[in-house]
Amino acid sequence: YTNPGEGAPESKDNDRGGSWDKHKDEHGKHKKKKHKELKKAFNDFYKGKGAGVIVLNEEGKILVGQGRDNKWQTPGGHVDGSESFEQAAIRELREEAGINGKDLSEINSFNMGGNDSKTFLVHSFTGTPTDSNELKNLKFIDVSSLLDMDMRDCSRKGVEGYIETSLKKSTKLVDMLAVEKLEK
């Protein structure tokens, strides 16, 4: 054991002239500054890509499930390697909901959290939606009700894009309600 010296924080019944509070405050400031610097560097370096899908059933309801954070979301995720946005959307749909999407069309594109993202409307699919380790409680929900649910932001952007591009000219009451909710 060596003597810690003058500037060392105090110990029980032995004041060496230092302070734990001062040490803790200085360390906390340095840690926060370093965290900010690292986060900025990461965001500058990492430009990820994400793809999401809107799947409709024959009644016009949207497929959603609860993610690990219990928020509702549409199937989707990161674009891997050299895969296209559309390829990623089809893969994520198969992985997260167990169905195969066909005939996709792009609804919107946006940037969220440093990720360039695109949402696709699936015009047809085969299979029955099945829970996965990424999405639980899969179900089809009408668009108007979906806007009132606790959703992940990236999925909400996709649903809003669907409403803006596909439902604005609809004469169905449920679609008009969704458009009205979105515009409020």
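Undergrad: Tell me what's going on with the overall build of the chain, and back it up with residues and numbers.
TA: Across its full length, the chain carries five helices and seven strands. Overall, the chain shows an N-to-C arrangement of helices and strands of α-β-β-β-β-α-β-β-β-α-α-α. Burial statistics for the chain: of 184 residues in total, 35% are counted as buried. Considering only contacts in the chain between residues 6 or more positions apart, those separated by 24 or more positions represent 58%.

Undergrad: Tell me about the pattern of salt bridges, and please be specific about residues and values.
TA: In total, this model carries six salt bridges according to the counting rule given. Across the pair Glu 83 and Arg 91 runs a salt bridge whose closest N-O atoms are separated by 2.8 Å. By the burial criterion, Glu 83 is buried, and Arg 91 matches it. Measuring nitrogen to oxygen at the nearest pair gives 3.2 Å for the salt bridge that ties Glu 95 to Arg 91. With Glu 95 and Arg 91 both in helix H2 (residues 85-97), this residue pair falls four residues apart, about one helical turn. Under the relative-accessibility criterion, Glu 95 is labelled partly exposed at 41%. Through salt bridges that share partners, Asp 80, Glu 83, Arg 91, Glu 92 and Glu 95 make up one connected network.

Undergrad: So what's going on with the sheet that holds strand S3 (residues 72-73)? Residues and values would help.
TA: Spatial strand order, S3-S2-S7: three strands in an open sheet with antiparallel pairing. Edge strands, defined here as strands with exactly one partner in the open sheet, are S3 and strand S7 (136-141). In this sheet, S7 lies alongside strand S2 (residues 62-66) in antiparallel orientation, the contact comprising four bridges. If you follow Gln 66 over to S7, its bridge partner there is Lys 136.

Undergrad: Can you explain the sheet that holds strand S6 (residues 115-126)? Please cite residues and give values.
TA: The strand order S4-S1-S6-S5 describes an open sheet built from four strands, whose pairing is mixed. Looking at strand neighbours, the two that pair on one side only are strand S4 (76-78) and strand S5 (100-112), the edges of this open sheet. Strand-to-strand twist in this sheet, taken as the mean axis angle between neighbours without regard to direction, amounts to 20°. Taken together, the seven bridges between strand S1 (residues 49-55) and S6 define a ladder with parallel strand orientation.

Undergrad: Can you break down the environment of Leu 177 residue by residue, with the values?
TA: Looking at the secondary structure, you find Leu 177 in helix H5 (residues 173-183). Residue Leu 177 is classed as partly exposed on the basis of its relative accessible area of 40%. For the pair Leu 177 and Ser 145, spaced 32 residues apart in sequence, the C-alpha separation works out to 9.4 Å.

So, how was this worked out
Residues numbered from 1 in each chain as written. Predicted model: local features only at pLDDT ≥ 70, side-chain atom pairs only at ≥ 80, totals over all residues. Heavy atoms only, no water. Helix = DSSP H or I, 4+ residues; strand = E, 2+ residues; numbered from the N terminus. Buried < 20%, exposed > 50% of the residue type's maximum accessible area, 1.4 Å probe, protein only. Contact = heavy atoms within 4.5 Å. Salt bridge = Lys/Arg side-chain N within 4 Å of Asp/Glu carboxyl O. Pairing = 2+ DSSP bridges. Axes fitted to C-alpha atoms, helices over the stretch in contact; angles between N-to-C directions.

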